[in-house]
Amino acid sequence: MTNDTTVETIDGFHLVINALKLNDIDTIFALPGIPITDLTRMAQAEGLRVISFRHEQHAGNAAAAAGFLTQKPGICLTVSAPGFLNGLTALSNATVNCFPMILISGSSEREIVDLQQGDYEEMDQLAIAKPLCKAAFRVLHAEDIGVGIARSIRAALSGRPGGVYLDLPAKLFSQTMDRLKGLSSLIKVVDPAPRQIPALDSVARALDLLKSAKRPLIILGKGAAYAQADAAIRDLVEKSGVPYLPMSMAKGLLPDTHALSAAAARSYVLAEADVVMLVGARLNWLLSHGKGKTWGTPKQFIQIDIEPKEIDSNVAIAAPLIGDIGSCVDALLAGMGSNWAHPPADWTKAIFERKEKNLAKMSATLALNPIPMNFHSALAVVRTIVTDRPDIILVNEGANTLDFTRSIVDMHQPRKRLDVGTWGIMGIGMGFAIAAAVTTNKPVLAIEGDSAFGFSGMEVETICRYNLPICVVVFNNNGVYGGMDVNKSGGADVAPTVFVKGARYDKIIEAFGGVGVNATTPQELSKAILEALHSGRPTLINAVIDESAGTESGRITQLNPQTTAKKT
Ligand code: FYN
Ligand code: ADP
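Below is a summary of the structure that appears in this document. As the structure is a computational prediction, the values presented were derived from the model and not from experiment.

By volume, the second largest pocket amounts to about 170 Å³. Ile25, Asp26, Thr27, Phe29, Ala66, Thr70, Lys72, Pro73, Gly74, Ile75, Val438 and Thr439 together form the lining of the second largest pocket. Elements supplying a minimum of two residues to the lining of the second largest pocket: strand 2 (27–30), helix 3 (56–70), strand 4 (74–78) and helix 18 (429–440). The class makeup of the residues in the lining of the second largest pocket is six nonpolar, four polar and two charged.

On to the packing of aromatic side chains, then. Both the distance between ring centres and the angle between the ring planes are used here to describe each pair of aromatic rings. One pass over the full model with this rule turns up 11 aromatic pairs. Between Phe29 and Phe53, the ring centres sit 6.2 Å apart and the planes meet at 65 degrees, which makes this aromatic pair edge-to-face. Of the two residues, Phe29 sits in strand 2 while Phe53 sits in the loop between strand 3 (49–52) and helix 3, which places them 24 residues apart along the sequence. Taken together, a centroid distance of 5.3 Å and an interplanar angle of 65 degrees make the contact between Trp295 and Phe301 edge-to-face. Like Phe301, Trp295 is buried.

This paragraph deals with the site of ligand 2. Inspection of the region around ligand 2 gives 21 residues, with Arg160, Lys222, Arg282, Asp305 and Ile325 positioned closest. At a separation of 2.6 Å, an oxygen atom of ligand 2 approaches a polar backbone atom of Lys222. Ile325 is positioned such that a nitrogen or oxygen atom in its backbone is 2.9 Å from a nitrogen atom of ligand 2. In isolation ligand 2 has 580 Å² of accessible area, and contact with the protein removes 96% of it.

Another point: helix 2 (residues 37–45). Taken together, the buried positions of helix 2 are occupied by Leu39, Thr40, Met42 and Ala43. The inward-facing, buried residues of helix 2 abut helix 1 (12–22), strand 2, strand 3, strand 4 and helix 8 (170–174). Gly47, located one to two residues past helix 2, shows a positive phi value of around 100 degrees.

Our focus in this paragraph is the nonpolar core. Membership of the largest hydrophobic core comes to 133 residues, with the highest contact counts inside it found for Phe29 and Leu418. In this structure, Phe29 is in contact with Ile51, Phe53, Ala59, Ala62, Ala63, Ala66, Ile75, Cys76, Leu77, Ala435 and Val438, ignoring residues within four places of it in sequence. In terms of nonpolar packing, the next biggest core, distinct from the first, is built from 31 residues, Phe375, Ile392, Met411 and Ala549 among them.

With four bridges joining them, strand 6 (residues 135–138) and strand 7 (residues 163–169) adopt parallel strand pairing. Bridging across to strand 7, Ala136 finds its partner in Tyr165. For the handedness criterion, the β-α-β arrangement of strand 6, helix 7 (residues 145–157) and strand 7 is classed as right-handed.

Cut-offs and rules
- Residues numbered from 1 in each chain as written.
- Chains lettered and ligands numbered in written order.
- Predicted model: local features only at pLDDT ≥ 70, side-chain atom pairs only at ≥ 80, totals over all residues.
- Heavy atoms only, no water.
- 1 Å grid on protein atoms, 1.4 Å probe; cavity = no way out; pocket = protein on both sides within 12 Å on 5 of 7 lines; lining within 4 Å.
- Points joined across faces, edges and corners; volume = space filled by probe spheres on them.
- Helix = DSSP H or I, 4+ residues; strand = E, 2+ residues; numbered from the N terminus.
- Nonpolar A, V, L, I, M, F, W, Y, C, P; charged D, E, K, R; others polar.
- Phe/Tyr/Trp six-rings, centres within 6.5 Å; stacked < 30°, edge-to-face > 60°.
- Buried < 20%, exposed > 50% of the residue type's maximum accessible area, 1.4 Å probe, protein only.
- Near = heavy atom within 4 Å.
- Polar contact = N/O pair within 3.5 Å; in protein donor to acceptor, adjacent residues only side chain to side chain.
- Areas by Shrake-Rupley, 256 points an atom, 1.4 Å probe, with all protein chains shown as cover.
- Contact = heavy atoms within 4.5 Å.
- Core = buried A, V, L, I, M, F, W, Y, C linked by side-chain atoms within 4.5 Å.
- Pairing = 2+ DSSP bridges.
- Right-handed = clockwise from strand over helix to strand, strands pointing away.

That is the geometry; function is a separate question.
Next up, the structure:
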């Protein structure tokens, strides 16, 4: 308090900053501009880490990945209208994937927007955001900033995590109020993600069904990874003796080399299991909606999920278990006691046999050393390095680059694989890599399809600017899916899926002082990655891959409608 009679005040800028700090938010992923440029400067001055990006979609993806990794909502801060729109893809993707993030965008004044008087970057952002996220709020008065931030945090984290939009009109930031009153209006959110304990009868029903199974299977989803109930989940698998199948971002909850992993016998276990326990996994397109030929014999499902509305979304769930995964798995373990009967040996033996067959086939393929490299020979290098360095966080996107990495590169620890998730979205690469490096201080290896890299490649400058320990490997096969397509018209233009042949993506990072390497053999690739891990310097490796390797859309070719019309 000053000596004279003037009352100390606080402005909207500092109320927002103090509200975030009060709730243990220490990082903002942003792109400065009107009307939030000064907010980024002041946030940095007040001790928040402000990572500024080249495009808001990647700032938003970074916020989403930070939320998944930390169980605190990642914060993305954008300008109004176009910047807000650029952030929406990431906000929607976060909501679909159940990653907690908050998109905070500056906006135009309500009185002008509602009269459509043509403001600078005029847009009714709140109305546009609402259908695409879990919750959306707007704050008009400085004294409400505390509530706005608190409600956004709780909405992002409670129940099924997701994306939240918070709309802050430009005039709010320069509003002032009595400092003491302002600070006391801020809210520290208490228990934003309360444990949700399952009903005892639902636990008993689930255990009875599991006990009755002759061919049980556990499917672990990214919800199980997010829940950070790692020891309980491992106990559930090992005490029950039930084989498990990890979805891509659940890989590493138990090491992929675990004896009970059925990942290398996926088709067999999905077709033959009689009781399937879903743990933080949805029966969506990634699991063929729980029906059709993938699922062969009739199944009964147990589903553990925090969202009651998820139950019966695709097929009947015989034993729903609603609650947070930690509480549900703890309750199951308590009910199983200490002498739970393991599944019949013929089931686990049959799985083992199929696993061994696929593992042998894979080993034979990985041992080949074709020139130019193909996906397998390049990924054999990555597989070895990740096994030696299980602390590395692997970011992965693409079509063939995604699918081959998923089945070839074993993960050994939880939450070490970040990928395209439920939507199969391209463009998450650099944002996810930056978030992983910033939130964990661990080395990050981004395995990128050349097409996928193109969506966020400019953020290589961001990586260099903050000198982040990120090694990007671009699997360069000259195009989307490959470089072999031809323009059937005979015209001069290349086919729509073909890129500049022999492009040198490694040259991009050299423009910003990073390390660029062109790798044409597995030996060169291995050397370059190991040097990047050793130096911790931002590195971009152009891995030259046979342009004829790979298939259209990787393992989901069937989703790309092919023309069946007969040529007239
Ligand atoms: C798996 N497999 C293995 C291994 N891991 N064999 C040997 N060793 C290892 N380590 C076997 C597995 O048993 C399957 O064989 C096969 O390899 C494929 O396994 P995968 O990849 O786990 O399973 P599948 O069938 O591809 O899974 C379907 C899917 C997956 C839809 C879940 O394809 C997926 O997540 N796709 C994401 C696609 C996407 O989002 N793309 C981005 C946009 S694409 P069998 O058991 O013999 O069948 C833009 O164009
Ligand atoms: P995957 O793609 O790996 O199968 P999904 O994203 O389809 O995973 O499913 C994740 C599920 O996990 C969602 O239905 C979500 O509601 C649920 N979930 C997320 N966090 C928790 C949690 N802490 N406890 C219980 N369920 C959770």
